[in-house]
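# Summary of the model geometry
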Amino acid sequence: MSATSSLFPGAMGPEGFISCFDHLIDEAKLKRMLILKGGPGVGKSTFMRRVHAALCAEGEESTLYYCSGDPDSLDAVALPGRGVLILDGTAPHIVDPIIPGARDSLINLGAHLDEPAMRPRLPHIRACMADHAACTRRARACLRAASALARDSAAVYAAAADGHRLAQMTHALIASVIPSGCTGEETPAVRPALANAITPKGELCLIAENAQAHVVRLTAPWGMDLTGPLRALSMAARLSGYAVEEYLNPLQPGSLLHLSIPSLHTLVTTSDLLPSALAFDFGLCLPPGSLLRHECALEQERAGVKLHLHRAVSALSQAKQLHDELETFYVPNMDFEGWQRTLDETLESLK
């Protein structure tokens, strides 16, 4: 397993931006937080990559947090061993210093912009930003429609499931993951995380880059929500003293897709991207014939979710193109020699 993992620090959801920016690194380990400011094209993502390349020794633990709006760019880099977090503090995830000076620093890369040279382009920039906002609203509307259909499908499965069989299988899952007679930390924490996101490149899942030594897979028919078993396992793990990472579903932010228990080197996932030594088929909790009356509706809802997600991705792709256009107004007016000096000074301060 690679020492460098990949996640999303946030993602667009049906009701707004889903943020995990407060949980990118353990607060107790955090010694320096560098918050980058500046518009599109000022080199925030490249700045983070350079810091990561300069500081992260081979085999050192780190997490690269990719931007869901542009999966080729970074929104944050965490180096837990050094207690360093560097992140993009601009909208839609505005971050400001909590402990200014002593721990948290603002780095304004926009200070290297030739602002007088940009002012004649103000009407074009405004128009581009307005079009970008419209694409974002359209994408969110599509996600809301997809989320509503997915929620209805989940309710059908929940009503049809055999509660006793579901409880039995959940208990078997817990027994297979949590060792009896062992205890972990005294105050185990729960950390929300995002390995999945709806992006301009489609639905992406990074869970394979966060694999543990032991992988348990949960399977079920499309539309069946397995948040119940995952939350039960999360609670059992914490009661036994183990910290957990709960991976959120961006289409249903209150639901879970995966669960990691780092101290037990265990990942429980609903994804088929990883080979698993153990699997639990929760579809067996559905009595034969229990869905006969709903088959047509479920198939229609599945098709509807697929259609709305396709439209959301299309809108996000248009938003990405507009963001790229915005960068063309900024990049030619950047003093990258000054940018490099800021990078050098930052690296020196982190030694």
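Scroll up for the structure.
Counting from 1, residues in each chain are numbered in the order their sequence is written. Under the rules for a predicted model, residues below a pLDDT of 70 receive no local features and side-chain atom pairs below 80 are neither given nor counted, while totals for whole chains, interfaces and linings still include all residues. With hydrogens and water set aside, each side-chain value is computed from the structure's full complement of heavy atoms.

### Remarks on the nonpolar core
For soluble globular proteins, nonpolar side chains are generally found buried alongside one another. The definition of a nonpolar core used throughout is a set of buried Ala, Val, Leu, Ile, Met, Phe, Trp, Tyr and Cys residues joined through side-chain atoms within 4.5 Å. Summary of the burial criterion: residues with accessible area below 20% of their type's maximum are buried, those above 50% are exposed, and those between are partly exposed, where the area comes from a 1.4 Å probe applied to protein chains only. Formed by 68 residues in total, the largest nonpolar core has its most connected members in Phe47 and Leu218. Any two residues whose heavy atoms approach within 4.5 Å at even a single point are treated as in contact. Residues contacting phenylalanine 47, with those up to four places away along its chain left out, are Leu36, Ile86, Ile107, Leu109, Trp339, Thr342, Leu343 and Thr346. Listed in part, the 21 residues of the second largest apolar core include Phe21, Ile25, Ala193 and Leu267.

### Quick look at the packing of helix α1 (residues 44-55) against helix α7 (residues 336-349)
Note on geometry: axes are lines fitted to C-alpha atoms, helical ones only across the stretch in contact, with angles between N-to-C directions running from 0 to 180 degrees. The helix count covers DSSP runs of H or I at least four residues long, the strand count covers runs of E at least two residues long, and both are numbered beginning at the N terminus. Running from amino to carboxyl end, α1 crosses α7 at an angle of 40 degrees, the nearest separation of the two axes being 11 Å. The hand of the α1/α7 crossing is right-handed. When α1 is examined against α7, the residues Thr46, Phe47, Arg50, Val51, Ala54 and Leu55 are found in contact with a partner set consisting of Trp339, Gln340, Thr342, Leu343, Thr346 and Leu347. Residues are grouped as follows: Ala, Val, Leu, Ile, Met, Phe, Trp, Tyr, Cys and Pro are nonpolar; Asp, Glu, Lys and Arg are charged; all remaining types, including Gly, are polar. Grouping the constituent residues of the contact of α1 with α7 by class yields seven nonpolar, four polar and one charged. Left-handed describes a crossing whose near helix is turned anticlockwise from the far helix by less than a right angle; the clockwise case is right-handed.

### Considering helix α5 (residues 227-239)
Side chains that are three or four residues apart share a direction in an α-helix, a result of its 3.6 residues per turn. When the terminal C-alpha atoms of α5 are compared, their 18 Å separation across 13 residues agrees well with the 18 Å that a helix rising 1.5 Å per residue should span. Along α5, the residues classified as buried are Thr227, Pro229, Leu230, Leu233, Ser234, Ala236 and Ala237. Check the buried side of α5 and you find it contacts α4 (163-177), β12 (214-219), β13 (244-249), β14 (252-261) and β15 (266-269). Residue glycine 241 follows α5 closely and has a positive phi angle near 95 degrees. A helix's residues, less one, multiplied by 1.5 Å, set its expected span.

### Remarks on the packing of aromatic side chains
Two numbers describe a pair of aromatic rings. These are the distance of the centres and the angle of the planes. Ring pairs are drawn from Phe, Tyr and Trp, using the six-membered ring of Trp, whenever the two centres fall within 6.5 Å, and their geometry is named by plane angle: stacked under 30 degrees, edge-to-face over 60, tilted for the rest. Going through the model one piece at a time under the given rule, you end up with two aromatic pairs. Taking the centre distance of 5.7 Å and the plane angle of 90 degrees together, the rings of phenylalanine 47 and tryptophan 339 count as edge-to-face. Residue phenylalanine 47 is found in helix α1, and its partner tryptophan 339 is found in helix α7; the two are separated by 292 residues along the sequence. With respect to class, phenylalanine 47 is no different from tryptophan 339; both count as buried. Between the aromatic rings of phenylalanine 336 and tryptophan 339, the centroid separation amounts to 6.3 Å while the plane-to-plane angle is 65 degrees, which identifies the pairing as edge-to-face.

### Here we look at the side chain of glutamate 245
Along the chain, glutamate 245 turns up in strand β13. We classify glutamate 245 as buried; its relative accessible area is 16%. Of the polar contacts made by the side chain of glutamate 245, one reaches the side chain of tyrosine 247; its length is 3.1 Å. Polar contacts here mean pairs of N or O atoms no more than 3.5 Å apart (in protein, one a potential hydrogen donor and the other a potential acceptor; neighbouring residues in sequence count only if both atoms are side-chain atoms).

### So, the environment of arginine 138
Tracing the chain through its elements places arginine 138 in helix α3 (residues 122-160). If sequence neighbours within four positions are ignored, arginine 138 has contacts with Ala315 and Gln318.

### Side note on the packing of α4 against α5
Between α4 and α5, whose axes approach to 10 Å, the crossing angle comes to 40 degrees. With respect to each other, α4 and α5 are oriented oblique. Pair α4 / α5 crosses with right-handed handedness. Listed contacts from α5 to Leu166, Thr170, Leu173, Ile174 and Val177 of α4 are Pro229, Ala232, Leu233 and Ala236. When grouped by side-chain class, the residues that make up the contact of α4 with α5 number eight nonpolar, one polar and no charged. Roughly parallel means an angle under 35 degrees; roughly antiparallel means over 145; roughly perpendicular covers 65 to 115; every other angle is labelled oblique.

### Considering the sheet that holds β12
Here a strand pair is declared whenever DSSP counts at least two bridges between the two strands. Sheet architecture is open: six strands sit in the order β9-β13-β14-β15-β12-β16, paired in mixed fashion. Bordering the open sheet on either side are β9 (190-193) and β16 (278-281), each of which pairs with just one other strand. Between one strand and the next, the sheet's axes are offset by a mean angle of 25 degrees, whatever the strand orientation. Together, β9, β12, β13, β14 and β15 form the strand contacts of α5, whose direction differs from that of β14 by roughly 50 degrees.

### Considerations on the pairing of β15
Judged by which residues are buried, β15 turns out to be covered on both faces: Thr266 and Val268 on one side and Leu267 and Thr269 on the other are all buried. The sheet contact formed by β12 and β15 spans four bridges and is parallel. Bridging from a neighbouring strand, valine 216 pairs with valine 268 of β15. Relative to β15, β14 runs antiparallel, the two sharing four bridges. Across the sheet, serine 260 pairs through a bridge with leucine 267, a residue of β15. Hairpin connection from β14 to β15: four residues lie between these consecutive antiparallel strands, with histidine 265 at a positive phi of about 50 degrees.

### Let's talk about unusual backbone geometry
With an omega dihedral of 10 degrees, the bond running from alanine 91 to proline 92 counts as a cis peptide bond. With respect to the element layout, proline 92 can be found in the loop between β7 (84-88) and β8 (104-108).

### Thoughts on the environment of leucine 292
Of note, leucine 292 is situated in the loop between β16 and α6 (295-330). Given a relative accessible area of 59%, leucine 292 falls into the exposed group. Note: C-alpha distance between leucine 292 and aspartate 22 (270 residues apart in sequence) is 45 Å.

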